[in-house]
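# Overview (structure and organization)
Here is what each chain is made of, one letter per residue.
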Amino acid sequence: MGRASAQVRLSSERVERTETTLQVAVDVTNGSAATAHAISTNPLRLSWRKQGDFPDNLTGWTSRIDIEQDIPPGGTQIITISLDPATYPPGSTLEISFVIEGWFWGHDIGVAPLSITLP
């Protein structure tokens, strides 16, 4: 993906919470002219962290989920992240970024993380 990585966009308007589940659907859009290759020696992944004033704040980008299919130019993949609703209470902020493992983080090359205030 190289320089084209700056043209990856993350968005979400779909967060579903029950007492036992929390699911966030993230649209990963490739706005470049190059294919975003999912499977390679440097896998394309989403990572997330919790922000807010909570005693157990998870501020590191430690959680990951693979994007398992290539994203063609102009294409979008929808990736669903399943979370423990007890760990991510209402009012906490979930930040999501993309990473190409061993190469770079999206937020380090100018792609703002997706920020969602959880219901």
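Just above sits the structure.
## Considerations on the sheet that holds strand S5 (residues 76–83)
Across a sheet, strands are paired by hydrogen bonds formed along the backbone, either parallel or antiparallel in direction. With respect to topology, three strands assemble into an open sheet ordered S1-S2-S5, the strand pairing being antiparallel. Each having just a single partner strand, strand S1 (8–17) and S5 make up the two edges of the open sheet. Strand-to-strand twist in this sheet, taken as the mean axis angle between neighbours without regard to direction, amounts to 20 degrees. Both strand S2 (residues 22–30) and S5 contribute to a ladder of eight bridges, which runs antiparallel. Its bridge partner lying in S5, valine 28 is registered against glutamine 77.

## Quick word on the pattern of salt bridges
A full pass over the atoms with the stated rule returns five salt bridges. Residue aspartate 27 pairs with arginine 14 through a salt bridge whose shortest N-O separation is 2.6 Å. In this pair, aspartate 27 is assigned in strand S2 and arginine 14 in strand S1, connecting sequence segments 13 residues apart. Residue classification places aspartate 27 among the buried positions, given a relative accessible area of 16%. Here aspartate 66 ties to arginine 45 by a salt bridge, and the two come within 2.3 Å at their closest N and O atoms. Within this pair, whereas aspartate 66 is found in strand S4 (residues 63–66), its partner arginine 45 is found in strand S3 (residues 44–51), the two being separated by 21 residues in sequence. Given a relative accessible area of 21%, arginine 45 falls into the partly exposed group. Each of Arg45, Arg64, Asp66 and Glu101 takes part in a single network of salt bridges with overlapping partners.

Parameters and conventions
One numbering rule holds for all chains: residues counted from 1, following each sequence as written. Local features are withheld for residues below a pLDDT of 70 in this predicted model, meaning they are given only at 70 or higher, and side-chain atom pairs are given and counted only at 80 or more; totals for whole chains, interfaces and linings count all residues. Based on all heavy atoms of the structure, the side-chain values leave hydrogens and waters out of the count. Pairs of strands are assigned from DSSP output, requiring at least two bridges between the strands. Only runs of H or I of at least four residues qualify as helices and only runs of E of at least two qualify as strands under DSSP, and these elements are numbered from the N terminus. Lines fitted to C-alpha atoms define the axes, with helix axes restricted to the stretch in contact, and inter-axis angles between N-to-C directions lie between 0 and 180 degrees. Salt bridge, as used here: a side-chain nitrogen of Lys or Arg that lies within 4 Å of a carboxyl oxygen of Asp or Glu. Remark: exposure states derive from per-residue accessible area (1.4 Å probe, protein chains only) relative to the maximum for the residue type, with buried under 20%, exposed over 50%, and partly exposed in between.

Coordinates in, geometry out; function isn't part of it.
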